Amino acid sequence: MSYMSIQEAMNKGSGEVKLHGWVYRERKSAKVAFVVLRDSTNIIQCVIKKDAVPEKVWDAAIDSPIETSLKITGEIKEDARAPTGFELAVTDMEKVGVSDTYPITKDQSTEFLLDQRHLWIRSRRLTAIMKVRSTVFGAIHKFFRERAFHEFAPPILTPNACEGGSTLFEVKYYDQKMYLTQSWQLYAEAAVFALEKLYCISPCFRAEKSKTSRHLSEFWMAEMEIAWAGLDDIGKAAEELVAFIAKEVIEKNAEELKILERDVEKLKKIKAPFPRLTYSEALKLLKEKKDLDVPWGKDLRTVEEDKLMELYETPVIVTHYPKETMAFYKPSDPNNPKEALCMDMLAPDGYGEIIGGSVRDTDLDSLKKALEKEGEKLERYEWYLDLRRYGSVPHSGFGLGVERVVAWMCGIDNIKDAIPFPRTMIRFRP
Ligand code: 4AD
Ligand code: MG
């Protein structure tokens, strides 16, 4: 008989099964021992009765501390009192890897758990989050591939800034300087003239000096770029993508959402289209409904975004931010040059900006001016400016912050738990 997962065994429901996994909890008395076994699929209570098993099995059972790995044979049956509704009456048990005294016990501090991350990722909570994360990745690939987008591989080491020089990570590159990518965008804009519709999910790096619950130094961005497309097109694609991710998570991760105690009703409300408003309209709402006075031209800070989102239960798309504060590649709206043709998607419940996107400026002169204003050396961007010299077409794209979306789907309060090994200004080990 071959091994099955705990979930498969529970689906079978009766008869003899062989399981392998790790000790999740254990408790023993003179005559009976309980081992809660976990594997990647679930947990199950196993009972070892001293009188019913060979001595070596009993000896193994009473000396298998938490996280010992085991192979177990037994009879499974339904038992309403057991933690997951089934119990295994053990007939044979073998230790595979003995565990030292496990350092993680109940009620430990967040910082201690981050120090022990290599072990803590085995917890049911982090396992559940990693499964949701896997669904989110799968959903993004599925969404774009079903719509005839091509997956494109951007370089991670780049000679240019994309989102401003202040958050660049410098890398010694032989005897030169390079940077870790902040966004695939400049390269996507090169490839858009070949592939027309492209996407990627890639790690991005930003030396964020803010220690917030929304910023990582290393995070993953799902980005897309389309030729012949404008602001409305990317707004539609963005809301459909986010609604699709939510639908997939609801469908595929019911168990995980239960473990995370996520209010699924909230996720069910994520249906496209989402409300749209301009930056100017957002300022008006903030003033009228939240008594917050933001002068036109200032970027919305976290507090203002949060206040605005108290008015909504679904994400919203905010467009037309002030051109002045925006990255060099975002063009002015021809109808109002003070506004940029750009959008952010903000999530409800304090999860903040989950998507940033824009039309791309195709005017050589205004691009050059904007780059110079950011203090960039034009010769470094000659290759990018070339893209405007050889048959340029209108094109637009966006980037979705994967960890912010995972955190939101899971309903967790810190982005650090949305990635297995978080990197922030002060946290980079293990
Ligand atoms: O708004 P951002 O900076 O947009 C860009 O980088 C564009 N070049 C994308 C594009 O148009 N292709 O970043 C996009 C998203 C943000 O909305 C946010 O969700 C996420 O990436 N993000 C971060 N997530 C975690 N930690 C950080 N430090 C992040 N910085 C941005
Ligand atoms: Mg942004």
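Residues numbered from 1 in each chain as written. Chains lettered and ligands numbered in written order. Predicted model: local features only at pLDDT ≥ 70, side-chain atom pairs only at ≥ 80, totals over all residues. Heavy atoms only, no water.

A.B. asks: Honestly, the packing of aromatic side chains in this entry has me stumped. Any pointers?
C.D. replies: Two aromatic rings are characterised by how far apart their centres lie and by the angle between their planes. Summed over the entire model, instances satisfying the criterion amount to 14 aromatic pairs. Relative to Tyr-199, the ring of Phe-144 has its centre 5.0 Å away and its plane inclined at 20 degrees; by these criteria the two rings are stacked. Of this pair, Phe-144 sits in helix H5 (residues 124-146) while Tyr-199 sits in strand E10 (residues 197-205), placing them 55 residues apart in sequence. Taken individually, Phe-144 and Tyr-199 each receive the classification buried, so the pair is uniform in this respect. Seen in terms of ring centroids, Phe-328 and Tyr-381 are 5.8 Å apart; in terms of plane orientation they differ by 75 degrees. Their pairing is edge-to-face. With Phe-328 in the loop between strand E13 (316-319) and strand E14 (332-333) and Tyr-381 in the loop between helix H12 (364-373) and helix H13 (382-386), this residue pair connects regions lying 53 residues apart in the sequence. With relative accessibility at 1%, the residue Tyr-381 sits in the buried group. (Phe/Tyr/Trp six-rings, centres within 6.5 Å; stacked < 30°, edge-to-face > 60°. Helix = DSSP H or I, 4+ residues; strand = E, 2+ residues; numbered from the N terminus. Buried < 20%, exposed > 50% of the residue type's maximum accessible area, 1.4 Å probe, protein only.)

A.B. asks: Is there a simple way to explain the sheet that holds E10 in this structure?
C.D. replies: Strand pairing in a sheet relies on backbone hydrogen bonds. The paired strands run either parallel or antiparallel. Taken in spatial order, the eight strands make up an open sheet running E6-E10-E11-E18-E17-E16-E13-E12, and their pairing is mixed. Two strands bound the open sheet, and with one partner strand each, they are strand E6 (150-151) and strand E12 (276-278). Of the strand pairs in this sheet, E13 and strand E16 (residues 342-347) are connected by four bridges, and their pairing is antiparallel. Bridged to Thr-319 within E16 is Met-343. (Pairing = 2+ DSSP bridges.)

A.B. asks: What is the right way to read the pairing of strand E1 (residues 15-28) from this model?
C.D. replies: For a regular strand, side chains alternate in direction, first toward one face of the sheet and then toward the other. Bridge analysis of E1 against strand E4 (residues 69-78) gives eight bridges, and the strand direction is antiparallel. Residue pairing in the sheet places Gly-21 in a bridge with Leu-70 of E4. Bridging between E1 and strand E2 (residues 32-38) involves six bridges; their strand directions are antiparallel. Bridge assignment links Glu-26 to a residue of E2, and that residue is Val-35. A loop of three residues connects E1 with E2, the two strands running antiparallel in sequence.

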